[in-house]
Amino acid sequence: MNEFFGGALSVPHVGREEQLEQIVAQVHTCSSPHLIFVSAEGGFGKTRMLMAVLERLRLEPDRCLCARELVDLYHLEHHTPLGLVWALYLALPPPLEPLSRFRSEYDKLARIRLSGDAISIKEQQQAVVARFAAELRSIAAERPVVIALDTAERVCYQTTFGGPEKSADLQYADAWKWLLEQLPGWGNVSVLVAGRPIIRDTLMRNASQQAGLTVGDHTLAAFDVNDTIQYLEAVQRAAAQSPIVSIQTAANLLRDMSEEFRVRLFAASRGRPILLALCIDLATTSPQRFFAIEELNDSQDLEVAIVRRIMEMADDLRTVMQALGRLPKGATPDLLAAALDCSVPQAERFLDSVRLLSFVKQRPADRKIFLHDEMYAMLRRHVFGDPGD
(Lines give C-alpha, C1' and ligand atoms only; values in the text may rest on other atoms or scores of the structure.)
Protein backbone atom coordinates (compact mmCIF):
# COMPACT_ATOMS: atom_id res chain seq x y z
CA MET A 1 0.00 0.00 0.00
CA ASN A 2 1.32 3.47 -0.86
CA GLU A 3 1.96 5.50 2.27
CA PHE A 4 1.80 8.81 0.40
CA PHE A 5 -1.50 9.91 -1.08
CA GLY A 6 -1.18 13.44 -2.49
CA GLY A 7 -0.98 12.35 -6.12
CA ALA A 8 -4.24 10.46 -5.79
CA LEU A 9 -6.20 13.64 -5.07
CA SER A 10 -7.45 16.47 -7.23
CA VAL A 11 -7.19 19.54 -5.02
CA PRO A 12 -8.51 22.86 -6.37
CA HIS A 13 -6.37 25.98 -6.30
CA VAL A 14 -6.41 27.70 -2.93
CA GLY A 15 -4.59 30.70 -1.49
CA ARG A 16 -2.86 33.70 -3.05
CA GLU A 17 -6.16 34.83 -4.52
CA GLU A 18 -5.00 38.42 -4.89
CA GLN A 19 -2.06 37.40 -7.07
CA LEU A 20 -4.30 35.15 -9.14
CA GLU A 21 -6.72 38.02 -9.76
CA GLN A 22 -3.85 40.36 -10.68
CA ILE A 23 -2.58 37.99 -13.36
CA VAL A 24 -6.07 37.39 -14.75
CA ALA A 25 -6.72 41.13 -14.82
CA GLN A 26 -3.45 41.74 -16.65
CA VAL A 27 -4.40 39.21 -19.30
CA HIS A 28 -7.85 40.76 -19.74
CA THR A 29 -6.41 44.26 -20.16
CA CYS A 30 -3.93 43.17 -22.85
CA SER A 31 -4.71 44.28 -26.39
CA SER A 32 -1.30 43.56 -27.94
CA PRO A 33 1.35 40.82 -27.78
CA HIS A 34 2.15 40.26 -24.14
CA LEU A 35 4.54 38.01 -22.25
CA ILE A 36 3.86 37.62 -18.52
CA PHE A 37 6.45 35.98 -16.25
CA VAL A 38 5.41 34.23 -13.05
CA SER A 39 8.56 33.49 -11.06
CA ALA A 40 9.40 31.75 -7.80
CA GLU A 41 11.82 29.18 -6.47
CA GLY A 42 11.08 25.49 -6.96
CA GLY A 43 8.14 24.14 -5.04
CA PHE A 44 6.32 27.45 -4.65
CA GLY A 45 3.41 26.42 -6.86
CA LYS A 46 4.19 28.22 -10.13
CA THR A 47 2.69 25.43 -12.22
CA ARG A 48 -0.46 25.31 -10.12
CA MET A 49 -0.82 29.10 -10.30
CA LEU A 50 -0.63 29.07 -14.10
CA MET A 51 -3.17 26.25 -14.21
CA ALA A 52 -5.44 28.28 -11.92
CA VAL A 53 -5.12 31.31 -14.19
CA LEU A 54 -6.10 29.23 -17.22
CA GLU A 55 -9.01 27.71 -15.29
CA ARG A 56 -10.24 31.16 -14.29
CA LEU A 57 -9.93 32.51 -17.83
CA ARG A 58 -11.85 29.55 -19.26
CA LEU A 59 -14.83 30.54 -17.13
CA GLU A 60 -15.39 33.40 -19.62
CA PRO A 61 -14.82 31.79 -23.02
CA ASP A 62 -16.32 34.77 -24.86
CA ARG A 63 -13.52 37.01 -23.61
CA CYS A 64 -10.57 34.93 -24.82
CA LEU A 65 -9.47 31.64 -26.32
CA CYS A 66 -7.54 29.98 -23.51
CA ALA A 67 -5.25 26.95 -23.64
CA ARG A 68 -6.48 23.84 -21.87
CA GLU A 69 -3.06 22.97 -20.45
CA LEU A 70 0.51 24.17 -20.04
CA VAL A 71 3.35 23.39 -22.41
CA ASP A 72 6.24 22.22 -20.25
CA LEU A 73 9.63 23.41 -21.48
CA TYR A 74 11.26 20.85 -19.23
CA HIS A 75 10.92 18.45 -22.16
CA LEU A 76 13.53 18.85 -24.90
CA GLU A 77 11.06 18.02 -27.67
CA HIS A 78 9.50 21.43 -27.00
CA HIS A 79 12.79 23.25 -27.61
CA THR A 80 12.47 23.37 -31.39
CA PRO A 81 9.96 25.59 -33.22
CA LEU A 82 8.30 22.50 -34.72
CA GLY A 83 8.05 20.76 -31.35
CA LEU A 84 6.72 23.90 -29.68
CA VAL A 85 3.99 24.61 -32.24
CA TRP A 86 2.81 21.00 -32.11
CA ALA A 87 2.58 21.19 -28.31
CA LEU A 88 0.71 24.51 -28.53
CA TYR A 89 -1.68 23.01 -31.07
CA LEU A 90 -2.45 20.17 -28.67
CA ALA A 91 -2.87 22.61 -25.77
CA LEU A 92 -5.43 24.81 -27.51
CA PRO A 93 -9.09 23.73 -27.34
CA PRO A 94 -10.66 22.08 -30.39
CA PRO A 95 -12.27 22.54 -32.78
CA LEU A 96 -10.34 25.43 -34.33
CA GLU A 97 -11.05 25.58 -38.04
CA PRO A 98 -7.99 27.70 -38.93
CA LEU A 99 -5.71 25.23 -37.17
CA SER A 100 -7.13 22.36 -39.22
CA ARG A 101 -5.02 23.72 -42.06
CA PHE A 102 -1.98 23.58 -39.78
CA ARG A 103 -2.83 19.97 -38.98
CA SER A 104 -2.98 19.17 -42.69
CA GLU A 105 0.52 20.58 -43.16
CA TYR A 106 1.75 18.62 -40.14
CA ASP A 107 0.30 15.37 -41.51
CA LYS A 108 1.92 16.11 -44.84
CA LEU A 109 5.27 16.37 -43.03
CA ALA A 110 4.77 12.85 -41.65
CA ARG A 111 4.29 11.53 -45.19
CA ILE A 112 7.34 13.39 -46.53
CA ARG A 113 9.49 11.97 -43.74
CA LEU A 114 8.87 8.51 -45.15
CA SER A 115 10.67 9.56 -48.33
CA GLY A 116 13.89 10.29 -46.47
CA ASP A 117 14.45 13.42 -48.60
CA ALA A 118 16.24 15.73 -46.13
CA ILE A 119 15.71 18.90 -48.17
CA SER A 120 11.98 18.28 -48.61
CA ILE A 121 11.62 17.42 -44.93
CA LYS A 122 13.31 20.65 -43.85
CA GLU A 123 11.19 22.73 -46.25
CA GLN A 124 7.99 21.13 -44.95
CA GLN A 125 9.04 21.64 -41.33
CA GLN A 126 9.41 25.33 -42.07
CA ALA A 127 6.03 25.33 -43.81
CA VAL A 128 4.38 23.73 -40.78
CA VAL A 129 5.82 26.31 -38.38
CA ALA A 130 4.89 29.19 -40.67
CA ARG A 131 1.35 27.86 -41.07
CA PHE A 132 0.86 27.71 -37.30
CA ALA A 133 2.03 31.31 -36.89
CA ALA A 134 -0.27 32.49 -39.67
CA GLU A 135 -3.32 30.66 -38.32
CA LEU A 136 -2.74 31.78 -34.74
CA ARG A 137 -2.51 35.35 -36.01
CA SER A 138 -5.87 34.97 -37.75
CA ILE A 139 -7.46 33.55 -34.59
CA ALA A 140 -6.08 36.40 -32.46
CA ALA A 141 -7.61 38.90 -34.88
CA GLU A 142 -11.04 37.59 -33.82
CA ARG A 143 -10.47 37.29 -30.06
CA PRO A 144 -7.57 37.28 -27.56
CA VAL A 145 -5.54 34.09 -27.23
CA VAL A 146 -3.81 32.91 -24.05
CA ILE A 147 -1.15 30.19 -23.95
CA ALA A 148 1.12 29.12 -21.10
CA LEU A 149 4.66 27.77 -20.82
CA ASP A 150 6.16 26.11 -17.76
CA THR A 151 9.74 25.55 -16.54
CA ALA A 152 11.17 28.44 -18.56
CA GLU A 153 14.62 28.09 -17.03
CA ARG A 154 15.14 25.08 -19.27
CA VAL A 155 15.30 27.16 -22.47
CA CYS A 156 18.62 28.69 -21.43
CA TYR A 157 21.55 26.32 -21.76
CA GLN A 158 23.79 27.86 -19.13
CA THR A 159 23.65 27.17 -15.43
CA THR A 160 24.95 30.53 -14.15
CA PHE A 161 23.45 33.87 -15.02
CA GLY A 162 24.98 37.31 -14.71
CA GLY A 163 24.20 40.86 -15.66
CA PRO A 164 23.59 42.33 -19.12
CA GLU A 165 27.24 42.07 -20.00
CA LYS A 166 26.98 38.26 -19.90
CA SER A 167 23.78 37.91 -21.92
CA ALA A 168 25.62 37.49 -25.22
CA ASP A 169 27.24 34.32 -23.87
CA LEU A 170 23.93 32.60 -23.15
CA GLN A 171 22.55 29.94 -25.47
CA TYR A 172 18.77 29.84 -25.87
CA ALA A 173 16.61 27.05 -27.23
CA ASP A 174 15.61 27.64 -30.84
CA ALA A 175 11.95 27.51 -29.80
CA TRP A 176 12.43 30.44 -27.40
CA LYS A 177 14.22 32.55 -30.01
CA TRP A 178 11.51 31.76 -32.56
CA LEU A 179 8.74 32.63 -30.10
CA LEU A 180 10.21 36.05 -29.29
CA GLU A 181 10.68 36.80 -32.98
CA GLN A 182 7.14 35.75 -33.89
CA LEU A 183 5.07 36.90 -30.93
CA PRO A 184 5.08 40.65 -31.77
CA GLY A 185 3.38 39.84 -35.08
CA TRP A 186 0.65 37.61 -33.66
CA GLY A 187 -1.60 40.36 -32.40
CA ASN A 188 -3.62 39.94 -29.23
CA VAL A 189 -1.79 36.92 -27.81
CA SER A 190 -0.72 36.62 -24.17
CA VAL A 191 1.95 34.09 -23.21
CA LEU A 192 2.17 33.16 -19.54
CA VAL A 193 5.64 31.91 -18.59
CA ALA A 194 6.58 30.24 -15.30
CA GLY A 195 10.21 30.00 -14.28
CA ARG A 196 12.69 30.32 -11.46
CA PRO A 197 14.21 33.68 -10.39
CA ILE A 198 17.66 32.60 -11.60
CA ILE A 199 16.41 32.94 -15.18
CA ARG A 200 13.67 35.58 -14.84
CA ASP A 201 15.79 38.70 -15.28
CA THR A 202 17.76 37.19 -18.14
CA LEU A 203 14.69 36.08 -20.07
CA MET A 204 12.79 39.29 -19.34
CA ARG A 205 15.72 41.33 -20.61
CA ASN A 206 15.88 39.08 -23.66
CA ALA A 207 12.15 39.52 -24.32
CA SER A 208 12.16 43.28 -23.68
CA GLN A 209 14.54 43.75 -26.59
CA GLN A 210 11.78 42.70 -29.01
CA ALA A 211 9.95 45.69 -30.47
CA GLY A 212 6.20 45.52 -30.12
CA LEU A 213 6.24 43.08 -27.19
CA THR A 214 5.00 44.06 -23.73
CA VAL A 215 6.61 42.21 -20.82
CA GLY A 216 5.10 41.83 -17.34
CA ASP A 217 6.29 40.15 -14.17
CA HIS A 218 4.74 38.56 -11.07
CA THR A 219 6.82 37.13 -8.24
CA LEU A 220 4.89 34.38 -6.51
CA ALA A 221 4.84 34.58 -2.72
CA ALA A 222 4.83 31.63 -0.34
CA PHE A 223 1.63 30.63 1.43
CA ASP A 224 0.80 32.62 4.51
CA VAL A 225 -0.77 30.86 7.48
CA ASN A 226 -4.32 31.50 6.20
CA ASP A 227 -3.43 30.08 2.78
CA THR A 228 -1.99 27.06 4.54
CA ILE A 229 -5.16 26.44 6.53
CA GLN A 230 -7.26 26.78 3.36
CA TYR A 231 -5.00 24.27 1.64
CA LEU A 232 -5.29 21.77 4.48
CA GLU A 233 -9.07 22.10 4.43
CA ALA A 234 -9.16 21.60 0.65
CA VAL A 235 -7.01 18.47 0.92
CA GLN A 236 -9.26 17.15 3.69
CA ARG A 237 -12.39 17.64 1.58
CA ALA A 238 -10.79 15.95 -1.43
CA ALA A 239 -9.48 13.06 0.67
CA ALA A 240 -12.90 12.51 2.23
CA GLN A 241 -14.33 11.88 -1.26
CA SER A 242 -11.71 9.30 -2.20
CA PRO A 243 -12.76 5.65 -2.56
CA ILE A 244 -9.37 4.58 -1.15
CA VAL A 245 -9.71 3.60 2.51
CA SER A 246 -6.24 4.79 3.54
CA ILE A 247 -6.94 8.21 2.06
CA GLN A 248 -10.28 8.42 3.86
CA THR A 249 -8.40 7.66 7.08
CA ALA A 250 -6.01 10.48 6.27
CA ALA A 251 -9.00 12.77 5.72
CA ASN A 252 -10.15 12.05 9.26
CA LEU A 253 -6.68 12.90 10.56
CA LEU A 254 -6.71 16.21 8.71
CA ARG A 255 -10.23 16.96 9.94
CA ASP A 256 -9.20 16.41 13.54
CA MET A 257 -5.96 18.42 13.37
CA SER A 258 -5.72 21.08 16.07
CA GLU A 259 -5.02 24.68 15.17
CA GLU A 260 -1.63 24.35 16.85
CA PHE A 261 -0.80 21.35 14.69
CA ARG A 262 -1.76 23.25 11.52
CA VAL A 263 0.44 26.17 12.53
CA ARG A 264 3.31 23.73 13.04
CA LEU A 265 2.74 22.40 9.54
CA PHE A 266 2.93 25.95 8.22
CA ALA A 267 6.10 26.67 10.18
CA ALA A 268 7.78 23.45 9.07
CA SER A 269 6.98 24.06 5.40
CA ARG A 270 7.62 27.82 5.55
CA GLY A 271 4.68 28.22 3.23
CA ARG A 272 6.25 26.31 0.34
CA PRO A 273 3.41 24.32 -1.22
CA ILE A 274 5.59 21.37 -2.25
CA LEU A 275 6.95 20.94 1.26
CA LEU A 276 3.50 21.44 2.73
CA ALA A 277 2.08 18.72 0.48
CA LEU A 278 4.90 16.34 1.37
CA CYS A 279 4.53 17.28 5.02
CA ILE A 280 0.87 16.25 4.89
CA ASP A 281 1.83 13.00 3.17
CA LEU A 282 4.28 12.23 5.94
CA ALA A 283 2.32 13.52 8.89
CA THR A 284 -0.87 11.67 8.04
CA THR A 285 0.94 8.32 8.19
CA SER A 286 2.27 8.92 11.71
CA PRO A 287 1.84 12.48 12.97
CA GLN A 288 3.00 11.73 16.50
CA ARG A 289 6.26 10.19 15.32
CA PHE A 290 6.93 12.82 12.68
CA PHE A 291 6.13 16.01 14.53
CA ALA A 292 7.65 14.88 17.78
CA ILE A 293 10.98 15.65 16.12
CA GLU A 294 12.03 18.87 17.84
CA GLU A 295 14.45 20.01 15.13
CA LEU A 296 11.64 20.37 12.56
CA ASN A 297 11.78 24.14 12.71
CA ASP A 298 12.86 25.10 9.21
CA SER A 299 12.53 23.89 5.64
CA GLN A 300 16.04 22.42 5.49
CA ASP A 301 15.31 20.10 8.42
CA LEU A 302 11.97 19.23 6.84
CA GLU A 303 13.72 18.26 3.61
CA VAL A 304 15.98 15.91 5.55
CA ALA A 305 12.99 14.35 7.33
CA ILE A 306 11.10 13.87 4.05
CA VAL A 307 14.04 12.16 2.36
CA ARG A 308 14.63 10.00 5.44
CA ARG A 309 10.98 8.96 5.38
CA ILE A 310 11.23 8.01 1.71
CA MET A 311 14.30 5.94 2.45
CA GLU A 312 12.26 4.13 5.14
CA MET A 313 9.66 3.02 2.62
CA ALA A 314 9.32 -0.62 1.61
CA ASP A 315 12.37 -2.01 -0.22
CA ASP A 316 10.72 -2.04 -3.65
CA LEU A 317 9.46 1.55 -3.33
CA ARG A 318 12.81 2.77 -2.04
CA THR A 319 14.58 1.08 -4.94
CA VAL A 320 12.32 2.57 -7.59
CA MET A 321 12.48 6.06 -6.03
CA GLN A 322 16.27 6.00 -6.08
CA ALA A 323 16.18 4.89 -9.72
CA LEU A 324 13.70 7.64 -10.67
CA GLY A 325 15.94 10.19 -9.00
CA ARG A 326 18.68 9.20 -11.45
CA LEU A 327 16.37 9.47 -14.47
CA PRO A 328 15.50 13.19 -14.71
CA LYS A 329 14.44 12.82 -18.35
CA GLY A 330 11.64 10.52 -17.26
CA ALA A 331 11.21 6.79 -16.85
CA THR A 332 9.51 4.27 -19.11
CA PRO A 333 9.20 0.57 -18.24
CA ASP A 334 12.02 -0.29 -20.66
CA LEU A 335 14.37 2.34 -19.27
CA LEU A 336 13.59 1.49 -15.66
CA ALA A 337 14.10 -2.21 -16.37
CA ALA A 338 17.55 -1.43 -17.73
CA ALA A 339 18.39 0.79 -14.76
CA LEU A 340 17.29 -1.82 -12.20
CA ASP A 341 18.36 -4.91 -14.17
CA CYS A 342 14.88 -6.36 -13.91
CA SER A 343 12.20 -7.53 -16.34
CA VAL A 344 9.96 -5.04 -18.13
CA PRO A 345 6.80 -6.41 -16.47
CA GLN A 346 8.44 -5.95 -13.08
CA ALA A 347 9.43 -2.39 -14.01
CA GLU A 348 5.84 -1.73 -15.01
CA ARG A 349 4.72 -2.90 -11.57
CA PHE A 350 7.31 -0.64 -9.97
CA LEU A 351 5.98 2.37 -11.87
CA ASP A 352 2.39 1.50 -11.01
CA SER A 353 3.37 1.51 -7.33
CA VAL A 354 4.50 5.16 -7.44
CA ARG A 355 2.10 6.80 -9.90
CA LEU A 356 -0.11 8.22 -7.13
CA LEU A 357 2.67 9.65 -4.97
CA SER A 358 2.34 13.39 -4.49
CA PHE A 359 5.85 14.12 -5.77
CA VAL A 360 5.48 11.96 -8.89
CA LYS A 361 4.24 13.38 -12.20
CA GLN A 362 3.01 11.43 -15.20
CA ARG A 363 3.06 12.93 -18.67
CA PRO A 364 -0.30 12.07 -20.27
CA ALA A 365 1.02 11.76 -23.81
CA ASP A 366 3.34 8.81 -23.13
CA ARG A 367 2.71 7.98 -19.44
CA LYS A 368 6.38 8.64 -18.77
CA ILE A 369 7.09 9.11 -15.07
CA PHE A 370 8.92 12.13 -13.64
CA LEU A 371 9.54 13.41 -10.14
CA HIS A 372 8.71 16.94 -9.10
CA ASP A 373 11.72 19.18 -9.81
CA GLU A 374 12.23 19.78 -6.10
CA MET A 375 12.24 16.07 -5.34
CA TYR A 376 15.11 15.61 -7.81
CA ALA A 377 16.89 18.45 -6.01
CA MET A 378 16.22 16.97 -2.56
CA LEU A 379 17.57 13.58 -3.61
CA ARG A 380 20.67 15.24 -5.03
CA ARG A 381 21.22 17.18 -1.80
CA HIS A 382 20.52 14.44 0.70
CA VAL A 383 21.09 11.09 -1.07
CA PHE A 384 23.10 11.33 -4.27
CA GLY A 385 25.45 13.98 -2.87
CA ASP A 386 27.18 11.30 -0.82
CA PRO A 387 30.65 10.67 -2.34
CA GLY A 388 30.12 6.96 -1.70
CA ASP A 389 26.84 6.84 -3.63
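Residues numbered from 1 in each chain as written. Predicted model: local features only at pLDDT ≥ 70, side-chain atom pairs only at ≥ 80, totals over all residues. Heavy atoms only, no water.

A. Up close: the packing of aromatic side chains. This structure, assessed with the given rule, holds 10 aromatic pairs. The interplanar angle of 90 degrees and the centroid separation of 5.7 Å between the aromatic rings of Y74 and F370 together place this pair among those described as edge-to-face. Here Y74, found in the loop between β3 (71-72) and α3 (81-91), pairs with F370, found in strand β8 (residues 369-371); they are 296 residues apart in sequence, far enough to count as distant. Of the residues examined, F370 reaches a relative accessible area of 5% and is grouped as buried. When the ring of F102 is compared with that of Y106, the centres are 6.2 Å apart and the planes differ by 40 degrees; the resulting orientation is tilted. You can see F102 and its partner Y106 sitting in helix α4 (residues 97-113), four residues apart, about one turn around the helix. Accessibility classification places F102 together with Y106 in one group, the buried group. Aromatic rings pair up to connect W86, Y89, F102, Y106, F132, W178 and W186 into one cluster. (Phe/Tyr/Trp six-rings, centres within 6.5 Å; stacked < 30°, edge-to-face > 60°. Helix = DSSP H or I, 4+ residues; strand = E, 2+ residues; numbered from the N terminus. Buried < 20%, exposed > 50% of the residue type's maximum accessible area, 1.4 Å probe, protein only.)

B. Focus on the pairing of strand β4 (residues 145-150). Along β4, six of the six residues are buried, which leaves the element largely enclosed by surrounding structure. The alternating pattern of β4 places V145, I147 and L149 on one face and V146, A148 and D150 on the opposite face, and all of these are buried. Judged from the two bridges that link them, strand β2 (residues 65-66) and β4 form a sheet pairing that is parallel. Looking at the pairing, L65 lines up with V145 of β4. Here β3 pairs with β4 via two bridges, running parallel. (Pairing = 2+ DSSP bridges.)

C. Up close: the packing of helix α15 (residues 333-340) against helix α16 (residues 344-354). The interhelical angle for the contact between α15 and α16, taken along N-to-C directions, is 105 degrees, at an axis separation of 8 Å. Put simply, α15 runs roughly perpendicular to α16. Packed against α15, whose contacting residues are P333, D334, L336, A337 and L340, the element α16 presents V344, A347, E348, F350 and L351 at the interface. The residue inventory of the contact of α15 with α16, partitioned by class, reads eight nonpolar, no polar and two charged. (Axes fitted to C-alpha atoms, helices over the stretch in contact; angles between N-to-C directions. Parallel < 35°, antiparallel > 145°, perpendicular 65-115°, else oblique. Contact = heavy atoms within 4.5 Å. Nonpolar A, V, L, I, M, F, W, Y, C, P; charged D, E, K, R; others polar.)

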